[in-house]
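Now for the letters of each chain:
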Amino acid sequence: MFDVAVVGAGISGSATAHELARRGHKVVLIDQYGPASMASGWTLAGVRQSGRHPAELPLAQAAVGRWQTLAEELDGETHYRQVGNLRCARTEPEADRIAAIVEDHRQSGLEMSLLRGRAVQQIAPLVSESVICASFCPSDGHADPQATVNSFVAAAQRLGAETRSGEAVTGLVIENGRATGVTTATETISAGTVVLATGIYGNSLIAPYGYHVPYEVMSATMMRSVPMEAPQMPVIGVANGDTTLRQEVGGQFRIGGGHEVWDGRMALDPWPQVRPPARSVATLVERYSALVPSLGDVRLDRLWCGLIDQTIDALPVLDILPDAGGVVLATGFSGHGFCLGPVTGKILADLAEAGTTSFPIAPFAMDRFAGRAAGSTVELHG
Ligand SMILES: Cc1cc2nc3c(=O)[nH]c(=O)nc-3n(C[C@H](O)[C@H](O)[C@H](O)COP(=O)(O)OP(=O)(O)OC[C@H]3O[C@@H](n4cnc5c(N)ncnc54)[C@H](O)[C@@H]3O)c2cc1C
């Protein structure tokens, strides 16, 4: 019998399992494939506060606070680099939008500046001189997603958490309105509380009980270059989020952008792989080459798609299922849940342990969707 069963070993679930184990709980972390096998491995892995919705900003700021010392805390690698985030304007309407973002954030106390002319290249020498202006947030950055998730998992294991890979949870066990565990193909795992951090499968296990989070699964094209020598770069993005890139610690550029509704195709070899259509690869190459011309000739060594759980308001659900005590749900991160991971873990652990948290999560309640049908757009800013 476990105190908590955490389903999903992406950054949200692995951070939660670590936090619960750190607090002395008996935890099992279960993933149908393995750690960081879906969004938390496919991600660009920007660690960004700038451009956040006001509801997410306090969480992103708290997360950045923890990212600074996370590697020491976990005694493992995160490859976190606080190199800043540069958001570029390619057109006058984009320039207006970026100026507005800078103004909004200044009022909320986040340090951010608006750069014009050569000031952009002083921060990022490889960026095209055709960029009209850019916002710069020096406290943003990036990390390595696989390393970070592995570090959370290893630290959780050292604290006694049990981890299971290659086991799909097939259902919840709910008795008298309270979760008492989960089922897999071969067994029932008893647990006092269940945390579902199941990414794009956020609805699968709750649908039989009549719950539904309105999100659409979008597929974003990603690519990675061979290692390149380059001056240190911030994460580079654009006003509408259709192009974003950063340099990994090994020198490879990790580049993302164009997105479309996922057609449901996924290969398993042995972990999930979604292949990008050639036309979206071509469009992304054109866009990033215009933004950073010296990357036009770069050799690519990997292409993939990342799947995004895009809610109708582009904000996640962090909540306890109403009327089903003991089920905590985190889904719908809408393409910006990697940065939040270290704080998501604390929030979900609080909810699992005490049913409440001191983090401001009211905007992420599940019942906010009642009667709403508006859409949102995917904007990856790194
Ligand atoms: C292309 C792309 C770029 C992105 N860029 C950024 C960025 O720059 N910055 C940022 O902050 N965020 C970014 N994001 C978003 C971020 O990566 C995700 O929000 C975050 O990784 C979600 O983590 P998660 O743990 O909630 O979900 P996931 O990482 O998807 O993990 C869910 C896990 O649950 C498991 N699972 C599901 N159902 C079951 C089941 N029934 N039984 C067992 N296991 C199950 C899956 O196998 C999976 O491993 C990006 C995402 C993508 C795809």
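Everything numeric in this text was worked out from a predicted model, so none of it was measured. (Residues numbered from 1 in each chain as written. Predicted model: local features only at pLDDT ≥ 70, side-chain atom pairs only at ≥ 80, totals over all residues. Heavy atoms only, no water.)

(A) Molecular detail of the pairing of strand β15 (residues 253-261). When strand β12 (residues 215-225) meets β15, the two strands line up antiparallel, connected through 6 bridges. What sits directly across from R224, in β15, is R254. Across 5 bridges, strand β14 (residues 243-247) lies against β15 in antiparallel orientation. Across the sheet, L245 pairs through a bridge with I255, a residue of β15. Between β14 and β15, which pair antiparallel in sequence order, lie 5 residues; one of them, G251, sits at a positive phi of approximately 100°. (Pairing = 2+ DSSP bridges. Helix = DSSP H or I, 4+ residues; strand = E, 2+ residues; numbered from the N terminus.)

(B) Broad picture of the site of the ligand. For the ligand, the set of nearby residues contains 41 residues, the closest of which are S12, D31, S40, V169 and C339. A distance of 2.6 Å is found between an oxygen atom of the ligand and a side-chain nitrogen or oxygen belonging to D31. A distance of 3.0 Å separates an oxygen atom of the ligand from a polar backbone atom of G337. Computed on the free molecule, the ligand has an accessible area of 1000 Å², of which 97% lies beneath the protein chains in the complex. (Near = heavy atom within 4 Å. Polar contact = N/O pair within 3.5 Å; in protein donor to acceptor, adjacent residues only side chain to side chain. Areas by Shrake-Rupley, 256 points an atom, 1.4 Å probe, with all protein chains shown as cover.)

(C) Up close: the side chain of S334. Position of S334 among the secondary structure elements: in the loop between β20 (327-331) and α8 (337-354). The class of S334 is buried, set by a relative accessible area of 1%. Here T311 takes part through its backbone nitrogen, which lies 3.1 Å from a polar atom of the side chain of S334. At 3.0 Å, the side chain of S334 and the backbone oxygen of G332 are in polar contact. Those residues in contact with S334 that sit more than four places away from it in its chain are I308, D309, Q310, T311, A314 and L315. (Buried < 20%, exposed > 50% of the residue type's maximum accessible area, 1.4 Å probe, protein only. Contact = heavy atoms within 4.5 Å.)

(D) Local environment of the UniProt feature "domain: FAD dependent oxidoreductase" (unreviewed entry) in the chain. As annotated by UniProt and renumbered to match this structure, "domain: FAD dependent oxidoreductase" (unreviewed entry) occupies residues 3-351. Secondary structure content for residues 3-351 is 28% helix and 31% strand, while the C-alpha to C-alpha distance between its ends is 13 Å. (UniProt positions renumbered as here; feature names shortened; annotations may be inferred.)

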